[in-house]
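A closer look at the structure
Residue strings, one per chain:
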Amino acid sequence: MQLSRRPRRNRKSAGIRELVQETTLQVSDFIFPMFVQEGFNQKVEVKSMPGIYRFSLDNLLEELKEVTDLGIRAIDLFPNYPEGKKDRLASESYHENTFYLKAITAIKEKFPELVIMTDVAMDPYSSDGHDGLVENGKIVNDATLEILGNMSLAQAKAGADILGPSDMMDGRVGYIRKHLDSHGFTDVSIMSYSAKYASAFYGPFRDALESAPKFGDKKTYQMNPANKREALLEAQLDFEEGADMLMVKPALSYLDIIRLLDENFDIPIAAYNVSGEYAMIKAAAQNGWLDGDRAMMEVLMSIRRAGAKCILTYFAKEAAVILNG
Ligand code: PBG
């Protein structure tokens, strides 16, 4: 055969395959989401997320030694609050002595180089289980912003490096930015959940936090999975309001959205490889239905290929072990 192009030549050995590899994946691309709960000597596996635990602070600090030894440089910390601590106004979220804020400070003290991202939304502290304030069965936007502002300031004071508003209220990035700046926290970053879809893939996360909505769903604030142009609008607003990084969530069913934002915005794009995406691969691997390690690496690489600079993923530790060889 006379073939002028034989693409297989560039695949003939591992060395050549790596020479021509277009996308790379590094441990420093990962943000590891972790769950903290009150108490001492607690390590509770999340039923729907094998290998992922909720830790009390003492055990979390132990775990972080392992995490940082693997080369992971960033975590995203989420709190699990007992029902008794929740109320309509999510007031626990900005009590100075609440365990979540104290955990942030303790982690920062012990691991000063570790990047700590925190979550800004009402759901872990809300007796309604919603990300915003509920009035007469509706999620009210503007009154929620004040609560998010208080929460953000408290997290910044505790030592958070990056705040992650995951609530999808209108105007929250600008509101939080101004609130932080007027209190002198101009150095605290905002990674906004810009295109956050109303997704079935958050199920296992809500098990972890015991934070599922008590009524209705999140469709009046999280986006319709059918929409793409709307993601551009959300991202544009967050950009104008001062977000430092834009996030797409979930990742796998939304690779096109990652690509769209990467092509349209000159700030870093992050993607959240969410709990359900983790659970799917774990469940299939446990059944022997696919090779879990290979599927994990393929998924992470595809999120990078789509245009995400960094990836929030529960696979961070396992992928780091593989990448570190
Ligand atoms: C809530 C929040 C959610 C996640 C991160 N922050 C769940 C939700 O919106 O219901 C999901 C993360 C995951 O599924 O891994 N503000």
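Please read these numbers as outputs of a predicted model, since none were measured by experiment. (Residues numbered from 1 in each chain as written. Predicted model: local features only at pLDDT ≥ 70, side-chain atom pairs only at ≥ 80, totals over all residues.)

Digging into the overall build of the protein
Summing up its helical and strand segments, the protein has 11 helices and 12 strands in all. Over its C-alpha trace the protein gives a radius of gyration of 20 Å, about what one expects of a compact globule, namely 20 Å for 325 residues. A principal-axis box enclosing the C-alpha atoms of the protein has dimensions of 75 × 45 × 40 Å. Expressed as a percentage of its 325 residues, the buried residues of the protein come to 43%. Across the protein, every contact between residues at least 6 apart in sequence was considered, and the portion connecting residues at least 24 apart equals 74%. (Helix = DSSP H or I, 4+ residues; strand = E, 2+ residues; numbered from the N terminus. Rg over C-alpha atoms; globule rule 2.2 N^0.38 Å. Buried ≥ 20, exposed ≤ 12 C-beta atoms within 10 Å, placed from the backbone. Contact = placed C-beta atoms within 7 Å.)

Here's the deal with the nonpolar core
V248, I258, L261 and A271 are the most contacted members of the largest nonpolar core, which has 94 residues in total. If sequence neighbours within four positions are ignored, V248 has contacts with A195, Y254, I257, I258, L261, I269 and A271. (Core = buried A, V, L, I, M, F, W, Y, C linked by C-beta atoms within 7 Å.)

Quick notes on helix α4 (residues 141-158)
Look at α4: 26 Å from first C-alpha to last across 18 residues, which is about the 26 Å you get at 1.5 Å a residue. Within α4 the residues assigned to the buried category are T144, L145, I147, L148, G149, M151, S152, A154, Q155, A156 and A158. In this structure, the buried residues of α4 make contact with α3 (99-110), β5 (115-120), β6 (133-135), β7 (138-140), β8 (162-165) and α5 (172-182). Positive phi shows up at G159, right after α4, with a value of about 120 degrees. (Expected span 1.5 Å × (residues − 1).)

Here we look at the site of the ligand
Close to the ligand lie D119, A121, D123, D131, S166, D167, Y202, F205, R206, K218, V274 and S275, which account for all nearby residues. The class makeup of the residues in the shell around the ligand is 4 nonpolar, 2 polar and 6 charged. (Near = placed C-beta within 6 Å. Nonpolar A, V, L, I, M, F, W, Y, C, P; charged D, E, K, R; others polar.)

Concerning the packing of α4 against α5
Between α4 and α5, the least distance of the axes is 9 Å, while the angle of their chain directions is 45 degrees. One finds that α4 runs oblique with respect to α5. The two elements α4 and α5 cross, and the hand of that crossing is right-handed. Here α4 contributes L145, L148, G149, S152, L153 and A156 to the contact with α5, which in turn contributes R172, Y175, I176, H179 and L180. Considered class by class, the residues forming the contact of α4 with α5 number 7 nonpolar, 3 polar and 1 charged. (Axes fitted to C-alpha atoms, helices over the stretch in contact; angles between N-to-C directions. Parallel < 35°, antiparallel > 145°, perpendicular 65-115°, else oblique. Left-handed = near helix turned anticlockwise from the far one by under 90°.)

Looking at the UniProt feature "binding site: Mg(2+)" (unreviewed entry) in the protein
As recorded in UniProt, the sites labelled "binding site: Mg(2+)" (unreviewed entry) are E234. Its location among the elements puts E234 in helix α7 (residues 229-240). If near-sequence neighbours (up to four positions away) are discounted, E234 is found in contact with S194 and A195. (UniProt positions renumbered as here; feature names shortened; annotations may be inferred.)

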